[in-house]
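# Structure at a glance
So you can see what is in the structure, the chains are spelled out below.
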Amino acid sequence: ESTKNSESASSSKGSSDIKPVDGFDKITLADAASVTTDKKVIDALNEILEIQGRAMRVTQNLEKSKKAQKEAEKKLSQAEDQLSIQQKKADDAKVSLGLIAMSQQQGHETMATANVLLKSEDAQGFLSKLATMRNVGDITNEQLRRSLSECERLADLKTIRKELTQKAADEVNRQKALKAEYEAKIKQAEEVLEKLSPGQLDLLKKLNDTTIKNRTSKLLEGSLAEGDFDLSGVTGLPTGKGQGIWPASGPITSPFGYRVNPVVGFSELHDGTDIGAPCGAPVQSAWPGVVISARYQRGYGNRVLVDSGMYKATYNHLSGFAVQPGQTVKAGQLIGTVGTTGWSTGCHLHFSTWVNGQIADPTTIF
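In this text, all values refer to a predicted model and were calculated from it rather than measured experimentally. (Residues numbered from 1 in each chain as written. Predicted model: local features only at pLDDT ≥ 70, side-chain atom pairs only at ≥ 80, totals over all residues. Heavy atoms only, no water.)

## Quick notes on the pattern of salt bridges
We apply this condition: In the sections that follow, a salt bridge refers to a side-chain nitrogen of Lys or Arg positioned within 4 Å of a carboxyl oxygen of Asp or Glu. Helix and strand labels come from DSSP, where a helix needs a run of H or I of at least four residues and a strand needs a run of E of at least two; each type is numbered from the N terminus.
Within the structure shown, the criterion is met by twelve salt bridges. Here Lys185 ties to Glu181 by a salt bridge, and the two come within 3.8 Å at their closest N and O atoms. A residue pair is termed a helical-turn pair when its members lie 3 or 4 positions apart in one helix, as Lys185 and Glu181 do in helix α6 (residues 141–194) at four residues.

## Some thoughts on the packing of aromatic side chains
Here is the rule: Two rings from Phe, Tyr or Trp (for Trp, the six-membered ring) form a pair when their centres sit within 6.5 Å of each other. Planes less than 30 degrees apart are called stacked, planes more than 60 degrees apart edge-to-face, and all others tilted. Accessible area is worked out with a 1.4 Å probe on protein chains only. A residue is then buried under 20% of its type maximum, exposed over 50%, and partly exposed in between. By the criterion adopted, a ring carries a charge over it if an Arg CZ or a Lys NZ lies within 6 Å of its centre and within 35 degrees of its normal.
For the structure on display, the rule yields six aromatic pairs. Here Trp287 and Phe366 contribute two aromatic rings whose centre-to-centre distance is 5.2 Å and whose plane-to-plane angle is 15°, an arrangement assigned as stacked. Within this pair, whereas Trp287 is found in the loop between β5 (282–284) and β6 (289–296), its partner Phe366 is found in the segment after β13 (358–360), the two being separated by 79 residues in sequence. For Trp287, a relative accessible area of 2% puts it in the buried group. Considering the side-chain rings of Phe351 and Phe366, the 6.3 Å spacing of their centres and the 50° angle between planes classify their relative orientation as tilted. Here Phe366 lies in the segment after β13 and Phe351 lies in strand β12 (residues 349–355), a separation of 15 residues in the sequence. A relative accessible area of 0% places Phe351 in the buried class. Positioned over the ring face of Tyr300 is Arg303, at 4.7 Å from the centre of the ring.

That is the geometry; function is a separate question.
Structure, rendered in structure tokens:
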């Protein structure tokens, strides 16, 4: 609810008050000058980026909910199996005590005693009825304790089953709400675009494309400026195509290049290659070089940048680091593990490369 209120507040104040959602800073007039000075276009793109950020958060929450539902259903299945076993144990304990009690009775009282005991629904009722009976001296405290323990365990498992059933149902309901929220974000983005003329819309697309390219360049330059690292002692630096080691095992789930943004519906540059690998899988350095940075960088999540001279590479969305800034690495050396940090909805490695300072498709280098 607080998120919803904050969104309403941002919309009412105008795009100048928009705050980035763990993504990138707001585009300024200076940033956009090479493409347009139309404030309406700049404001529209900032609003679109804000909506995209919130849509990403909704998508991430949806994925978490699906995992939570799956885990709840898995535990529920295990609880059902345990419950079946425990039911038999509790029933056997009742029968055992019932037979002992019956042996102390005579005639019709024998059947009456059995019926009273075996029809008890829970541990407390069973033992309460048993305690009111007479002539059951052969029943020891240990037998009573065992029976109570089995019945209490059965009751606990029934409670667990009820809680897990509710948990799975709650997650399904949450997913319905999140899907509706995501659709609302798309509608909100469409409304922003509808306010632009065809010419302004073209400028917005061009500005978005230019912004992505500029930010990847600035991010690289900014990282390189963080420290004065010397490559002179590094051997085996790449000198051209066909060298290096692919950083992770897995299929390419999203290639470098233009792809349709699901929120706004137009193409934009994907500045790296996504490699589908499970969280925790090893990520290795493509070339020998020096680690320039290893830290969290907003939309990219946990990110390692390695300078290899003419080639530079970043390894994004990592779950953990295995290197630190200033460290020299060899080709194939472990630098981190696959994760889903930053703007990511699932475990994968976002692998970005630069050739002589220009962003490039990683698959054209190897």
